[in-house]
Amino acid sequence: MSCASKKYVSLMNKVLDQEATEQEKQVLFEHLATCDECRVHFNELNDSTELLRRLTHPQLPAAFTKSVLDHLPPDKRNVIRKWGSRHPVLTTVAICALPMSLVVIGARRQTRDRSGYALVKVSGDQT
Amino acid sequence: MDQSEKRLIKKIRKGDQQAFAELVERYKNSVFAICLRMVGNAQEAEDLSQEAFIRAYNHIDQYDHERKFSTWLFRIATNLSIDFLRRRKNVVSLDAVVPSTEGLSLNAMLPDEGEQPEDRIVRKETEEMVQGEIKKLPEKYRSAVVLKYIEDLSLKEISEIMEIPVGTVKTRIHRGREMLRKNMMAEGGGRA
Ligand SMILES: [Zn+2]
């Protein structure tokens, strides 16, 4: 009852992958006509994958897309525009405050640069 | 990749979320199908699908526009599902207490309105059996089999999604297919 040749298993795979030549198909099907074991094996492989193919493809609810959008980081262009139109006074203050804050940040950065330089110098001395 | 998709991606790169919504609409059910068949639970699959799209949006700069967008997106979805399975394996074995298609409502599974109630029940049972068999496959065979038989993708596309050679994809599909056959025949008793 046991089929001696393993070569038919790889032929079955080729056929199932749709990569077999006409000649290879013919060799396999001629063998299947005479070998019960291989025929059963081939049919079982076919049936198993057919069951997978026939699984339903459930549809996601329409609300899914909106839910994804709700989880995205805010759209920068829209945020600035919307915020500006809702808070005109604050926007003006913010725009005026910007140069001031740049001065402050600039000053802080200089302080940090100085300490950073000092550190480099110390480690340089040690080597 | 088609031109409309290229245009959409250009807009998304500039932060256009409406353009992104169009891509979500286009691919959401495919992404959901991959996640669902990988993890076997509709609620988890919906969460994973959402995460996949959020990641795609946040990392759109990493997308190589010479390749198909779906290849990149499906890669994100597959990897998230595999990560999820590994995390779950490390926490507790939920499989013991939760049936494989928990959360999959009858309605979600059945688009066919003319179907008889008895047929529905048989179909639901068959689907649960098949989903249970998919779940027995090791992750690397499972993802190859799902992409092949659920999404109907070519071996080449699967190899690009999984970033492995076509030959390896084939081996995994052959082994996965053989495992499915053995298990289904052992347990399904020829229900196929
Ligand atoms: Zn034989």
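Predicted, not measured: the structure shown is a model, and the values here were computed from it.

A. How the structure looks around the overall build of chain A. Along chain A, the regular secondary structure elements total 6 helices and 0 strands. Overall, chain A shows an N-to-C arrangement of helices and strands of α-α-α-α-α-α. A burial count over chain A gives 26% of its 127 residues as buried. In chain A, 41% of the contacts between residues at least 6 apart in sequence involve partners at least 24 apart.

B. Focus on the packing of aromatic side chains. Residue and element names in this part refer to chain B. The final tally for this structure, using the stated rule, is 9 aromatic pairs over all chains. Arranged with centres 5.4 Å apart and planes meeting at 45°, the rings of Tyr63 and Trp72 form a pair that is tilted. Of the two residues examined, Tyr63 and Trp72, each falls in the buried class. Here a set of aromatic residues connected by ring pairs shows up, and it is made of Tyr27, Tyr63, Phe69, Trp72 and Phe74.

C. Examining the interface of chain B and chain A more closely. Listed by partner, the interface residues are 46 residues for chain B and 33 residues for chain A. Both sides together, the interface formed by chain B and chain A hides about 3800 Å², and carbon and sulfur atoms give 62% of it. Where chain B touches chain A, the interface holds 3 salt bridges. Across the pair Lys170 of chain B and Glu19 of chain A runs a salt bridge, and its minimum N-O distance is 2.7 Å. Taken together, the links from chain B to chain A amount to 16 residue pairs in polar contact (both at pLDDT 80 or more). Of the residues belonging to the side of chain B that touches chain A, the class tally is 25 nonpolar, 9 polar and 12 charged.

D. Local environment of the domain arrangement of chain B. Residues and elements named next belong to chain B. Assigned domains within chain B: domain 1 (1-96) and domain 2 (98-192). On the domain 2 side, the residues contacting the 24 residues of domain 1 number 23 residues. Considering only the side of domain 1, the residues that lose the most area to domain 2 are Arg37, Met38 and Arg75, jointly responsible for 31% of the buried surface there. One can count 4 salt bridges joining domain 1 with domain 2. At the surface where domain 1 touches domain 2, the tally comes to 6 residue pairs in polar contact (both at pLDDT 80 or more). At the level of elements, helix H2 (17-39) and helix H4 (69-91) are the ones that each hand at least two residues to the side of domain 1 that touches domain 2. The element that contributes the greatest number of residues to the side of domain 1 that touches domain 2 is H4, accounting for 9 residues.

E. The environment of Leu72 of chain A, seen in detail. For Leu72 of chain A, the location among the structural elements is in the loop between helix H4 (63-70) and helix H5 (76-86). For the pair formed by Leu72 of chain A and Asp17 of chain A, sequence separation is 55 residues and the distance between their alpha carbons is 40 Å. With residues near it in sequence (within four places) discarded, Leu72 of chain A still touches Gln17, Phe20, Ile54 and Tyr57 of chain B.

F. Local environment of a positive patch on the surface. Residues and elements named next belong to chain B. Taken together, the side chains of Lys6, Arg7, Lys10, Lys11 and Lys14 present a region of like positive charge at the surface. Along the chain, Arg7 falls in helix H1 (residues 3-13). Assessed through its relative accessible area of 54%, Arg7 is described here as exposed.

G. View of the nonpolar core. Core analysis: the largest hydrophobic core is formed by 65 residues, its most contacted members being Leu52 and Val68 of chain A together with Phe20, Val31, Phe53, Phe69 and Val130 of chain B. At 14 residues, H2 of chain B tops the list of elements feeding residues into this core. Residues from two domains meet in this core; each of domain 1 (1-96) and domain 2 (98-192) of chain B gives at least three. Sequence-distant contacts of Phe53 of chain B, defined by excluding residues within four places in its chain, comprise Phe64 and Val68 of chain A together with Phe20, Leu23, Val24, Tyr27, Lys28, Val31 and Leu73 of chain B. Within the second largest apolar cluster, 12 residues are counted, among which are Tyr8, Met12, Leu28 and Phe42 of chain A.

H. Quick look at the environment of Leu45 of chain A. Turning to its location among the elements, Leu45 of chain A is positioned in helix H3 (residues 36-53). Residue classification places Leu45 of chain A among the buried positions, given a relative accessible area of 3%. Sequence spacing of Leu45 of chain A and Asn13 of chain A is 32 residues, and the spatial spacing of their C-alpha atoms is 9.2 Å. In this structure Leu45 of chain A touches Met12 and Leu16 of chain A together with Arg177, Glu178 and Arg181 of chain B, once residues within four positions along its chain are discounted.

I. Unusual backbone geometry, seen in detail. Residue and element names in this part refer to chain B. Within the chain, Asp152 stands out as a residue other than glycine whose phi angle is a positive 60°. On the secondary structure map, Asp152 appears in the loop between helix H7 (139-149) and helix H8 (155-162). Assessed through its relative accessible area of 54%, Asp152 is described here as exposed. Located in the positive-phi region is Glu163, a residue other than glycine, with phi close to 55°.

What counts as what
- Residues numbered from 1 in each chain as written.
- Chains lettered and ligands numbered in written order.
- Predicted model: local features only at pLDDT ≥ 70, side-chain atom pairs only at ≥ 80, totals over all residues.
- Heavy atoms only, no water.
- Helix = DSSP H or I, 4+ residues; strand = E, 2+ residues; numbered from the N terminus.
- Buried < 20%, exposed > 50% of the residue type's maximum accessible area, 1.4 Å probe, protein only.
- Contact = heavy atoms within 4.5 Å.
- Phe/Tyr/Trp six-rings, centres within 6.5 Å; stacked < 30°, edge-to-face > 60°.
- Buried area = accessible area lost by both parts, 1.4 Å probe.
- Salt bridge = Lys/Arg side-chain N within 4 Å of Asp/Glu carboxyl O.
- Polar contact = N/O pair within 3.5 Å; in protein donor to acceptor, adjacent residues only side chain to side chain.
- Nonpolar A, V, L, I, M, F, W, Y, C, P; charged D, E, K, R; others polar.
- Domains from an automatic or database assignment.
- Patch = residues over 30% accessible without salt bridge, like charges linked within 9 Å, V, L, I, M, F, W, Y side chains within 5 Å.
- Areas by Shrake-Rupley, 256 points an atom, 1.4 Å probe, with all protein chains shown as cover.
- Lys, Arg positive; Asp, Glu negative; His and termini not counted.
- Charge placed at Lys NZ, Arg CZ, Asp CG, Glu CD.
- Core = buried A, V, L, I, M, F, W, Y, C linked by side-chain atoms within 4.5 Å.

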